[in-house]
Amino acid sequence: MAEQSLYERLGGVYGIAGAVDVLVDRLFANAKVNANDNVKAHHGDPANAPGYKFLVTAWSIEAAGGPKCYFGDDMVKAHDHLAIDEPGFDAVSMEIAATLSYLGVPDAEHREFMDIIESYRGQVVQAA
Ligand code: HEM
């Protein structure tokens, strides 16, 4: 039997959308993430939560090897106006890891997804 994709092992669209639902609520409430005023301008407004959950869910589905469904900006363009620094990236990365643990995602899938997130660090961190 062919090995299942990470997308399938994370529970497909229901598993990923469920995790992003928890994650984004945590990110919007995270003081360290929102210490960056540019980030706070977006994450500080609860009206942005549903659309952001949609985009991050679609991005994660594709990144995990699921069907093509993400039509948002690439990771450089999505963050080029935010001046995100290394501690800002670490704060989000820690929140993603905490959410995967909180939801009981198994170690192998946890590691695989965090490796994907880490591979985008250079595109997201753009602070001078
Ligand atoms: C690998 C890590 C990350 C991924 C996968 C990711 C994913 C995304 C996605 C899919 C979008 C929507 C793009 C669009 O509107 O077309 C976005 C926007 C955004 N991201 Fe990230 N992100 C990451 C890291 C970060 C970090 C570290 C921060 C803050 C410290 C951050 C803050 C934001 C904000 C504030 C927006 C909205 C920008 C706006 O619409 O003006 N992201 N991100």
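Residues numbered from 1 in each chain as written. Predicted model: local features only at pLDDT ≥ 70, side-chain atom pairs only at ≥ 80, totals over all residues.

In the annotation of an unreviewed UniProt entry, the chain is listed under the name Group 1 truncated hemoglobin and assigned to Actinomycetospora chlora.

J.: Would you take a moment to explain the overall build of the chain for this structure?
T.: If you tally the helices and strands in the chain, you get 8 helices and 0 strands. In the chain, the succession of α and β elements from N to C terminus is α-α-α-α-α-α-α-α. The C-alpha atoms of the chain give a radius of gyration of 14 Å, which matches the 14 Å a tight globule of 128 residues would have. Over its C-alpha atoms, taken along the principal directions, the chain stretches across nearly 50 × 25 × 25 Å. Buried residues in the chain amount to 19% of all 128 residues. Nonlocal contacts in the chain, meaning residues at least 24 apart in sequence, comprise 75% of its contacts between residues at least 6 apart. (Helix = DSSP H or I, 4+ residues; strand = E, 2+ residues; numbered from the N terminus. Rg over C-alpha atoms; globule rule 2.2 N^0.38 Å. Buried ≥ 20, exposed ≤ 12 C-beta atoms within 10 Å, placed from the backbone. Contact = placed C-beta atoms within 7 Å.)

J.: How should I be thinking about the site of the ligand in this particular structure?
T.: If you check the shell around the ligand, you find 20 residues, and the closest are Gly72, Asp73, Ala78, Val92 and Tyr120. Those elements that provide at least two residues to the shell around the ligand are helix H3 (37-43), helix H4 (49-63), helix H5 (75-79) and helix H6 (86-102). (Near = placed C-beta within 6 Å.)

J.: Help me out: how do you make sense of helix H2 (residues 12-28) in this one?
T.: Three- or four-residue spacings in an α-helix give side chains the same orientation, since the helix completes a turn every 3.6 residues. For H2, built from 17 residues, the straight-helix expectation of 24 Å at 1.5 Å per residue is met to within 8% by its first-to-last C-alpha distance of 24 Å. Regarding H2, the residues found buried are Ile16, Ala19, Val20, Leu23, Val24 and Leu27. Relative to the axis of H2, the buried residues are bounded by an arc of 135 degrees and lie together on one face. Where the residues of H2 are buried, they touch H3, H4 and H6. (Expected span 1.5 Å × (residues − 1). Arc of directions from axis to C-beta.)

J.: What is the right way to read the environment of Ser119 from this model?
T.: Structurally, Ser119 can be placed in helix H7 (residues 107-119). Classification of Ser119 as exposed rests on a count of 11 C-beta atoms within 10 Å. When the C-alpha positions of Ser119 and Gly65 are compared, they lie 15 Å apart, and in sequence the two are 54 residues distant.

J.: What am I meant to see in the packing of H6 against H7 here?
T.: A pair of packed helices can be characterised by two numbers: the angle between their axes and the separation between those axes. Interhelical geometry of H6 versus H7 gives an angle of 165 degrees and a closest axis separation of 11 Å. On the basis of the axis angle, H6 is roughly antiparallel to H7. H6 and H7 meet at a crossing whose hand is right-handed. Here Ser93, Ile96, Ala97 and Leu100 of H6 lie close against H7, whose contacting residues are His110, Phe113, Met114 and Ile117. Looking at the contact of H6 with H7 residue by residue, the class counts come to 6 nonpolar, 2 polar and no charged. (Axes fitted to C-alpha atoms, helices over the stretch in contact; angles between N-to-C directions. Parallel < 35°, antiparallel > 145°, perpendicular 65-115°, else oblique. Left-handed = near helix turned anticlockwise from the far one by under 90°. Nonpolar A, V, L, I, M, F, W, Y, C, P; charged D, E, K, R; others polar.)

J.: What is the right way to read unusual backbone geometry from this model?
T.: Non-glycine residue Ala83 carries a positive phi angle of around 50 degrees. The topology assignment puts Ala83 in the loop between H5 and H6. Judged by the 15 C-beta atoms lying within 10 Å of it, Ala83 falls in the partly exposed class.

J.: What exactly am I supposed to notice about the environment of Lys53 here?
T.: Relative to the helices and strands, Lys53 resides in helix H4. Through-space distance from the C-alpha of Lys53 to that of Val22 is 9.4 Å; in sequence the pair is 31 residues apart. Apart from residues lying up to four places away in sequence, Lys53 is in contact with Val20, Asp21 and Val24.

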